[in-house]
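Coordinates in review
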Amino acid sequence: MEQFVRSEIAAMAGYIPGEQPQDGEYIKLNTNENPYPASDAIRAAVDAVLSRGLQKYPDAMGWAFRRQAGKVLGVPPEWILCGNGSDDILTILTRTFVGPNELLRLPTPSYILYRSLAELQGAAAEEVAFTSDWRLPPAFYAPRTAAPHADRPVKLAFLPNPNSPTGTFVPVAEMAELVERMPCPLVIDEAYADFVESPAHTATATNCIGLVKHSEKVIVSRTLSKSYALAGLRFGFCVAQPHVIEQLIKVKDSYNCDALSIAIATAAIGDQAWLVENRRKILATRQKLTDGMRRLGFQVIDSQANFTWNTHPTTSAKTLYEQLKARKILVRYMKYAGFGEGLRISVGTDAQIERLLDEMSKLVA
Ligand SMILES: Cc1ncc(COP(=O)(O)O)c(C=O)c1O
């Protein structure tokens, strides 16, 4: 069979998602899920779909969601495309813009999936390291690419903001300047944008949706997996100018979102009071996690997301990950070339974080 498999597929390792044990035995702090149940509004949405039945295909464009999200975000519905999780949106974007032998640009360390998406296209990924203060260096917006990819056309760039695994955030004013300089479309992956806090007593923007209105080169990607507590649903979307959305529609699966997920996502994004209260709890616990880990001697980067990046000066992150796992606590061990290794820990409930800190205190004592 191998002779029939495309050489790019045979050569690639494939993206490995975080562990998802299904037995409920673990305190799960490894894949940035929300520890609280989603808005109660989703129950009525499920009932309504089931009473209509599932024998018909869903609305291929998810208009109910586009209208509701458009109201919440202040954009016309035609500027929104729904996806089967934001991973689906990132896949559609890569397939739309990046062809074989072309180049996808991304910062490092960042979301590991991006590289796999480039490889699937037979394209190359150019990784540009963040500066030491978590900004983008000129190489990120350079029109020409450096060795070993010199002269390959850069067709698309991904930038998670806040970034994963660091939780760092490039301010919106800087993003506006970056967009002007980019030689290609820029996907701002705002999977964690709902957890950003504007500096005290300011009304500074905490996301880049406003930039889409000024530039056709900006595409903002969002997910309901994190801030709406719906990782099990699989629903994401992007916001871009309507002529860009028109191109993406050609690439997506005809029915990439099912009737239940469209209805649930519409109800969830419609309940902004739930979002505000959930965000308040997550941000309070994030501070407790950060302070607690620092007290135990870890270096913790200030996070604007629902996780923190933790390194210890003497104890190996891999060992800590394994010891925590043996105690039924899952965190994410990660290692990046040129950046090093550490633990990415999702913000759980207060009780989960207290238990984590308690176990951790025995391991690094
Ligand atoms: C930066 C980033 N983008 C996108 C995703 C994917 O989210 P979804 O569940 O919507 O596919 C993740 C998931 O962890 C992520 O960290």
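Structure first, text after, so check above.
Residues numbered from 1 in each chain as written. Predicted model: local features only at pLDDT ≥ 70, side-chain atom pairs only at ≥ 80, totals over all residues. Heavy atoms only, no water.

Comments concerning the packing of aromatic side chains
Aromatic rings considered in pairs are described by the distance between their centres and by the relative angle of their planes. Cut-off, in case you're wondering: Side-chain rings of Phe, Tyr and Trp (the six-membered ring for Trp) are treated as a pair once their centres are within 6.5 Å; stacked means planes under 30 degrees apart, edge-to-face means over 60, and tilted covers the remaining angles. Buried means the residue's accessible area, taken with a 1.4 Å probe over protein chains only, is under 20% of the maximum for its type, while exposed means over 50%, and partly exposed covers the values in between. Remark: a charge is flagged as sitting over a ring if the NZ atom of Lys or the CZ atom of Arg is within 6 Å of the ring centre and within 35 degrees of the ring normal.
Under the criterion given, the structure shown has 12 aromatic pairs. Taking 6.1 Å as the distance between ring centres and 65° as the angle between the ring planes, the aromatic pair formed by Tyr 336 and Phe 339 counts as edge-to-face. Assessed through its relative accessible area of 29%, Phe 339 is described here as partly exposed. Across the ring face of Trp 63, the terminal group of Arg 66 is positioned such that the distance to the ring centre comes to 4.1 Å. We note Arg 344 situated over the ring of Phe 307; from NZ or CZ to the ring centre the distance is 5.5 Å.

Some remarks on the pattern of salt bridges
Basically, it comes down to this: When a carboxyl oxygen of Asp or Glu lies within 4 Å of a side-chain nitrogen of Lys or Arg, that pair is called a salt bridge. Numbering of helices and strands runs from the N terminus; a helix is a DSSP stretch of H or I covering at least four residues, while a strand is a stretch of E covering at least two.
Going through the model one piece at a time under the given rule, you end up with 19 salt bridges. Glu 102 serves as the salt-bridge partner of Lys 155, at 3.3 Å between the closest nitrogen and oxygen. Taken together, the residues Lys 155 in strand 5 (residues 154-160) and Glu 102 in the loop between helix 4 (86-97) and strand 3 (103-108) connect sequence positions 53 residues apart. Taking the relative accessible area as the measure of exposure, Lys 155 reaches 30% and is therefore partly exposed. The exposure class of Glu 102 is buried, given its relative accessible area of 18%. Two residues, Glu 119 and Arg 115, come together in a salt bridge whose shortest N-O distance is 3.9 Å.

Some points on the site of the ligand
For the record, the criterion: A cutoff of 4 Å decides nearness: a residue is near a molecule or strand if any of its heavy atoms lies inside that distance of it. We define a polar contact as two N or O atoms separated by no more than 3.5 Å, with the added condition that, inside protein, one atom must be a possible hydrogen donor and the other a possible acceptor, whereas residues neighbouring each other in sequence contribute only through side-chain atom pairs. Only the protein chains shown count as covering a residue, and every accessible area follows the Shrake-Rupley method with a 1.4 Å probe. Only Asp, Glu, Lys and Arg are considered charged, only Ala, Val, Leu, Ile, Met, Phe, Trp, Tyr, Cys and Pro nonpolar, and every remaining residue, Gly among them, polar.
Taken together, Gly 85, Ser 86, Asp 87, Tyr 111, Asp 189, Ala 191, Tyr 192, Thr 223, Ser 225, Lys 226 and Arg 234 are the residues near the ligand. A distance of 2.6 Å separates an oxygen atom of the ligand from a polar atom in the backbone of Ser 86. Within the side chain of Thr 223, an N or O atom sits 2.5 Å from an oxygen atom of the ligand. Taking 400 Å² as the accessible area of the ligand by itself, protein coverage stands at 93%. In terms of residue class, the shell around the ligand is built from three nonpolar, four polar and four charged.

A word on the sheet that holds strand 5
What counts is decided by this rule: Pairing between two strands is assigned when DSSP locates at least 2 bridges connecting them. Helix axes use the C-alpha atoms of the stretch in contact, all axes being lines fitted to C-alpha atoms, and the angles between their N-to-C directions lie in the range 0 to 180 degrees. Should any heavy atoms of two residues lie within 4.5 Å, those residues are counted as being in contact.
The strand order across the open sheet built from seven strands is 2-8-7-6-5-3-4, with neighbouring strands paired in mixed fashion. Two strands in the sheet have a free side with no partner beyond their single neighbour: strand 2 (80-83) and strand 4 (124-129). Strand-to-strand, the axes of this sheet are offset by a mean angle of 25°, without reference to chain direction. Bridge count for strand 7 (residues 218-223) against strand 8 (residues 236-239) is four bridges, and the pairing is antiparallel. Bridging from a neighbouring strand, Arg 222 pairs with Phe 237 of strand 8. Against the sheet, helix 7 (residues 172-181) contacts strand 5, strand 6 (186-189) and strand 7, and its axis sits at roughly 155° relative to strand 6.

Topic: helix 3 (residues 63-73)
Residues spaced three or four apart along an α-helix face the same direction, because each turn holds 3.6 residues. What counts here: Directions drawn from the helix axis to the C-beta atoms are what define this arc.
Turning to helix 3, its buried residues number three or more, namely Phe 65, Arg 66, Ala 69 and Gly 70. Taken end-on, helix 3 shows its buried residues confined to a sector of 130°, consistent with a single buried face. Residues of helix 3 that are buried make contact with strand 2, strand 8, helix 9 (242-251) and helix 10 (259-270). Downstream of helix 3 by a residue or two, Gly 74 has a phi angle that is positive, lying close to 75°.

A short note on a nonpolar patch on the surface
Here is the rule we go by: Excluding any residue in a salt bridge, patches collect residues exceeding 30% relative accessible area, merging like charges within 9 Å and nonpolar Val, Leu, Ile, Met, Phe, Trp and Tyr side chains within 5 Å.
Residues Val 5, Ile 9 and Leu 120 make up a contiguous nonpolar surface patch of about 200 Å² in total accessible area. Inspection of the secondary structure assignment puts Leu 120 in helix 5 (residues 113-120). Judged by its relative accessible area of 35%, Leu 120 is partly exposed.

Focus: the pairing of strand 4
It is a general feature of regular strands that their side chains alternate between the two faces of the sheet. Operational definition: We call a crossover right-handed when, viewed with both strands directed away from the observer, the connection leading from the first strand over the helix to the second proceeds clockwise.
In this sheet, strand 4 lies alongside strand 3 in parallel orientation, the contact comprising six bridges. When the sheet's bridge partners are listed, Leu 104 is paired in strand 4 with Ala 125. Regarding the hand of the β-α-β motif, the stretch spanning strand 3, helix 5 and strand 4 is right-handed.

Some words on the side chain of Thr 145
If you trace the backbone, Thr 145 turns up in the loop between helix 6 (138-141) and strand 5. Of the residues examined, Thr 145 reaches a relative accessible area of 9% and is grouped as buried. Among the polar contacts made by the side chain of Thr 145, one reaches the main-chain carbonyl oxygen of His 149 at a distance of 2.9 Å. A polar contact of 3.5 Å, which involves the side chain of Thr 145, links it to the backbone oxygen of Arg 152. The contact partners of Thr 145, leaving out residues within four places of it in the chain, are Leu 103, Arg 105, Glu 126, Ala 150, Asp 151, Arg 152 and Val 154.

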